[in-house]
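# Results of the structural survey
Here is how the chains run, residue by residue.
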Amino acid sequence: MIKWLFFDLGSTLIDESECAEYRTRELLKQRGAPSREILERRMAELAAQNRLPYKDAAREFGLQTVKWPYQLEKVYVGVPRILEALSKNYRLGVLANQSAETEWRLQKYGICQYFDLIISSAEIGFSKPDLKIFEIALDKAGCAPSEAYMIGDRLDNDIEPATRLGMRTIWVRQGVFAGGSLKLIHHRPDHIVGGIEDITEYL
């Protein structure tokens, strides 16, 4: 029986599209930058290889990455309603590669109250896809892997390691990693959805 649902944040619950656009524009301002068409095509190719589209493309073109614009993040439409409904039947957790003060940011987004457990890489000292961060989350939750779902946008960071541990998984195809390749991972997700609002079909 499923008892816990663990969520990634970026491009899962948090819409990062404006952040991605901002960083793309900043890359294109730099000397030696390619055209937007070439840059976006290369980032799409990298995403399809389950790589880091922005960072890897910047390195290939000899460009400097810019700081993540947290102020441009926003919660996907419908997320508070979905979390409220799910919290009536499951315990909810965050399991994400995030900087410090993740709880404060969730409070700012107005969704912190739905989570019983918040695990961020900056505060734990381990980052996904390291299995250790998943094991810590499960231990703190007091549940077996088979009693939990991992819900996230990245095949390499969310789906593959969680499945290896025996968790069930939902791949949310949103954001820059929506074009990831299932052929490049060993374990397929239990379910694939086109947006966060679709996860309730399986929970």
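These lines cover the structure that appears in this document, whether it is placed above or below. Residue numbers here run from 1 along each chain, matching the order of that chain's written sequence. Under the rules for a predicted model, residues below a pLDDT of 70 receive no local features and side-chain atom pairs below 80 are neither given nor counted, while totals for whole chains, interfaces and linings still include all residues. Side-chain descriptors were evaluated using all non-hydrogen atoms of the structure, hydrogens and water having been removed beforehand.

Turning our eyes to something else, we now look at the overall build of the chain. Check the secondary structure of the chain and you find eight helices and eight strands. Atoms counted for the radius of gyration: C-alpha only. Globule rule: 2.2 Å times the number of residues to the power 0.38. In summary, the chain has a C-alpha radius of gyration of 17 Å against a globular reference of 17 Å for 203 residues, a match within 12%. Three exposure classes are used, based on accessible area relative to the maximum for each residue type with a 1.4 Å probe and protein chains only: buried under 20%, partly exposed in between, and exposed over 50%. In the chain, buried positions account for 49% of the 203 residues. The contact criterion used throughout is that any non-hydrogen atoms of two residues lie within 4.5 Å. In the chain, of all internal contacts separated by at least 6 residues, the share reaching a separation of at least 24 is 60%. Carbon and sulfur atoms make up 48% of the accessible area of the chain, which amounts to about 10000 Å² in all. Counted as positive: Lys and Arg. Counted as negative: Asp and Glu. His and the chain ends are not counted at all. For this purpose, a charge sits on NZ of Lys, CZ of Arg, CG of Asp or CD of Glu. If the 27 positive side-chain charges of the chain are averaged to one point and the 29 negative ones to another, these points end up 3 Å apart. The helix and strand labels rest on DSSP assignments: H or I over at least four residues marks a helix, E over at least two residues marks a strand, and numbering proceeds from the N terminus. Here the open area of atoms and residues is found with the Shrake-Rupley method and a 1.4 Å probe, where only the protein chains shown may cover a residue.

Take the pattern of salt bridges next. A side-chain nitrogen of Lys or Arg and a carboxyl oxygen of Asp or Glu constitute a salt bridge if their distance falls within 4 Å. Enumeration according to the criterion identifies 18 salt bridges in this entry. One salt bridge connects arginine 42 with glutamate 60, and the closest N-O pair in it is separated by 2.7 Å. Here arginine 42, found in helix α2 (residues 36-48), pairs with glutamate 60, found in helix α3 (residues 53-60); they are 18 residues apart in sequence, far enough to count as distant. Given the relative accessible area of 18%, arginine 42 is considered buried.

Relative to the elements of secondary structure, asparagine 50 occurs in the loop between α2 and α3. In this structure asparagine 50 comes out as buried when scored by relative accessible area, which is 14%. Any pair of N or O atoms that falls within 3.5 Å is considered a polar contact. Within protein, one atom must be able to donate a hydrogen and the other to accept it, and sequence-neighbouring residues count only if both atoms are side-chain atoms. A polar atom in the side chain of asparagine 50 sits 2.8 Å from the backbone nitrogen of serine 181. When sequence neighbours within four positions are dropped, the list of residues in contact with asparagine 50 reads Leu155, Asp156, Gly180, Ser181, Leu184 and Ile185.

Once that is clear, we can look at the nonpolar core. What we call a nonpolar core is a set of buried Ala, Val, Leu, Ile, Met, Phe, Trp, Tyr and Cys residues that are connected through their side-chain atoms within 4.5 Å. Ranked by size, the top nonpolar core spans 28 residues in total, and within it Phe7 and Ile199 carry the most contacts. Counting only elements with at least two residues in this core, the list comes to β1 (4-7), α4 (79-86), β4 (91-96), α5 (102-109), β6 (148-152) and β7 (168-172). Tallying contributions element by element places α4 first for this core, with four residues. Once residues lying within four places of it in the same chain are set aside, the contact partners of isoleucine 199 are Phe7, Ile82, Leu86, Ile151, Ile170, Val172 and Val193. In terms of nonpolar packing, the next biggest core, distinct from the first, is built from 15 residues, Trp4, Leu95, Ile133 and Ala141 among them.

Take empty space enclosed by the protein next. Of the two site types, the cavity is a set of points on a 1 Å grid over the protein atoms alone where a 1.4 Å probe fits but cannot get out, and the pocket is an open set with protein on both sides within 12 Å along at least five of seven lines, each lined by residues with an atom within 4 Å of a point. Grid points are joined across faces, edges and corners, and a volume is the space filled by probe spheres set on the points. For the structure on display, the rule yields one cavity of 30 Å³ or more. Roughly 40 Å³ of volume is contained in the largest cavity. What lines the largest cavity is simply Ala47, Asn50, Asp153, Arg154, Leu155, Asp156, Phe177 and Gly180. Here the nonpolar group is Ala, Val, Leu, Ile, Met, Phe, Trp, Tyr, Cys and Pro; Asp, Glu, Lys and Arg are the charged ones; every other residue, Gly included, is treated as polar. Along the lines of polarity and charge, the residues of the lining of the largest cavity split into three nonpolar, two polar and three charged.

Following both chains from N to C, one finds helix α7 (residues 131-141) and helix α8 (residues 155-165) inclined at 65°, their axes separated by 10 Å at the closest point. The two elements α7 and α8 meet at a crossing, and its hand is right-handed. Where α7 approaches α8, its residues Leu131, Phe134, Glu135 and Leu138 are matched on the opposing element by Asn157, Asp158, Pro161, Ala162, Arg164 and Leu165. Partitioned by chemical class, the residues of the contact of α7 with α8 number six nonpolar, one polar and three charged. Here an axis means a line fitted to C-alpha atoms, over the contact stretch when the element is a helix, while the angle between two N-to-C directions is reported on a 0 to 180 degree scale. A clockwise turn of the near helix away from the far one marks a right-handed crossing, whereas an anticlockwise turn of less than a right angle marks a left-handed crossing.

Between any two strands, pairing holds if DSSP finds at least two bridges. Taken together, six strands build an open sheet; the order of strands is β5-β4-β1-β6-β7-β8 and the sheet is parallel. At either end of the open sheet lies a strand with only one pairing partner, and these are β5 (117-120) and β8 (191-193). Direction aside, the axes of adjacent strands within the sheet are offset by 20° on average. When β1 meets β4, the two strands line up parallel, connected through four bridges. Its bridge partner being in β4, leucine 5 is matched across the sheet by leucine 92.

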